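# Structural description and commentary
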Amino acid sequence: MSNSSSITHFLLLAFTDKRELQLLHFWLFLGIYLVALLGNGLIITTIACDHHLHTPMYFFLLNLSLLDLSCISTTVPKSMANSLWDTRAISYLECAAQLFFFLFLVVAEFNLLTVMAYDRYVAICKPLHYGTLLGSRACVHMAAAAWGSGFLNALLHTTNTFSLPLCKGNAVDQFFCEIPHILKLSCPDSQLRKLGLMVVGLFVVFGCFVFIVVSYVQIFRAVLRIASEQGRHKTFSTCIPHLAVVSLFVSSGMVDYLKPHSFSSTSLDLFLAVLYAVVPPAVNPLIYSMKNQQLKDAVWKLI
């Protein structure tokens, strides 16, 4: 039996043991990473440089791109390096840092998606109060609250997770360090603390999810009352991308974290982790720019 004081490194889960497939995984992740860098970098630069896009909606989108870029940079480069050098090792401190930053960025992104749902709700349901409720100072405060709550949440969970005694080896059943898979290594007598960690996390996620659902119910009720077909189309063009991003992010993450252990398998865990940790940062820029003509025009103007 080992404990956390004697563990100096962890072993991450490899996608495959075959050298050819390891290199294929490296090139595939490299392509996805470069797409995420290019797409999010373009959105950040475009919004920062075009003064016509200095509005609350695009301010929050800029923050989302920053979070996406940081999030994929937390997990993918290490996995790529391990595949390239045919290793699985990650040091204890690297693992703790990776878990902290991933959780920080994911929670901040979910909070920001909640704020963006509120932005769309005010813009569509209370347009006369938009300038008052979402002034520049209010937008900065809401974005700061999203980042700050992510930081505090990550600090709490990372500290608690790595203070648990680890008795079941150092093999993490995921390609990056993640709370559920670290908790699997902890001693049986830590069940109460593990339950507390999961309850706190679920409370935050459920609260944001309910707020987003209620916001979009109100939005769609208001949209259906719009007489103009052009007005409905314009409204849907700004709401559907956000709803698509929320759906992909939330559904894959909740399935991974809430599925029963009896349904758990290595391949399923890997697939779901890629779906909510790797895919969204790469496809979010495409989703947001595909239906937003103003953003597309600004990107082409920048290019």
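Criteria and cut-off values
- Sequence order sets the numbering: in each chain, residues are counted from 1 along the sequence as written.
- Only residues with pLDDT of at least 70 get local features here, since the model is predicted, and only at 80 or more are side-chain atom pairs given and counted; chain-wide, interface and lining totals rely on the full set of residues.
- Heavy atoms from the whole structure form the basis of all side-chain values; hydrogens and water molecules are not counted.
- The way it works is that DSSP assigns letters per residue, a run of H or I at least four long becomes a helix, a run of E at least two long becomes a strand, and they are numbered from the N terminus.
- Relative accessibility thresholds used throughout: buried, under 20% of the residue-type maximum; exposed, over 50%; partly exposed, between the two (1.4 Å probe, protein chains only).
- Contact criterion: two residues are considered in contact whenever any of their non-hydrogen atoms come within 4.5 Å of each other.
- Areas reported as accessible are Shrake-Rupley estimates using a 1.4 Å probe. Residue values count occlusion only from the protein chains shown.
- UniProt positions are given in the numbering used here, feature names are shortened, and annotations may be inferred rather than shown by experiment.
- Axis angles are defined between N-to-C directions and span 0 to 180 degrees, where every axis is a line fitted to C-alpha atoms and, for a helix, only to the segment in contact.
- Reported orientations rely on four angle classes, namely roughly parallel under 35 degrees, roughly antiparallel over 145, roughly perpendicular from 65 to 115, and oblique for the rest.
- We call a crossing left-handed when the near helix sits turned anticlockwise from the far one by less than a right angle, and right-handed when that turn is clockwise.
- Nonpolar residues are Ala, Val, Leu, Ile, Met, Phe, Trp, Tyr, Cys and Pro. Charged residues are Asp, Glu, Lys and Arg, and all others, Gly as well, are polar.
- Here, nonpolar core means buried Ala, Val, Leu, Ile, Met, Phe, Trp, Tyr and Cys residues that are tied together by side-chain atoms lying within 4.5 Å of each other.
- One side-chain nitrogen of Lys or Arg within 4 Å of one carboxyl oxygen of Asp or Glu is enough to make a salt bridge.

### Topic: the overall build of the chain
- Along the backbone of the chain there are 11 helices and two strands.
- Reading the chain from its N terminus to its C terminus gives the helix and strand order β-α-α-β-α-α-α-α-α-α-α-α-α.
- In the chain, which comprises 303 residues, the share counted as buried stands at 47%.
- In the chain, once contacts between residues fewer than 6 apart in sequence are set aside, the share between residues at least 24 apart is 77%.
- Summed over its atoms, the accessible surface of the chain is roughly 15,100 Å², and 70% of this surface lies on carbon and sulfur atoms.

### A few points about the UniProt feature "transmembrane region" (unreviewed entry) in the chain
- Per the UniProt record, "transmembrane region" (unreviewed entry) is found at residues 24-45, 96-118, 138-156, 195-217, 238-258 and 270-288.
- Structurally, residues 24-45 is divided into 100% helix and 0% strand, and its ends, taken at the C-alpha atoms, are 31 Å apart.
- Taken end to end, residues 96-118 has its terminal C-alpha atoms 33 Å apart, with 100% of it in helix and 0% in strand.

### What to know about the packing of helix 2 (residues 56-84) against helix 3 (residues 92-125)
- Contact pair helix 2 / helix 3: the axes reach a minimum separation of 9 Å and the direction vectors enclose 160°. It follows from the interaxial angle that helix 2 and helix 3 lie roughly antiparallel. When you trace helix 2 past helix 3, the crossing you get is left-handed.
- In terms of residue class, the contact of helix 2 with helix 3 is made up of 16 nonpolar, five polar and six charged.

### Looking at the nonpolar core
- Ranked by internal contacts, the top residues of the largest apolar core, which has 86 residues, are Phe10, Ile47, Phe60, Leu61, Leu113, Phe175 and Val278.
- The dominant element in this core, judged by the number of residues it contributes, is helix 3, at 21 residues.
- Phe175 has contacts with Leu12, Leu13, Phe15, Phe29, Ser79, Leu270, Ala273, Val274 and Val278, leaving out every residue within four places of it along the chain.

### Observations concerning unusual backbone geometry
- Even without glycine at this site, Asp86 takes up a positive phi of about 55°.
- Its place among the elements puts Asp86 in the loop between helix 2 and strand 2 (89-91).

### Concerning the pattern of salt bridges
- For the coordinates displayed, the defined rule picks out two salt bridges.
- For the salt bridge of Glu94 with Lys78, the shortest nitrogen-to-oxygen distance reads 3.9 Å. Here Glu94 is found in helix 3, whereas its partner Lys78 is found in helix 2, with 16 residues between them in sequence.
- Exposure remark for Glu94: the relative accessible area of 40% places this residue in the partly exposed category.

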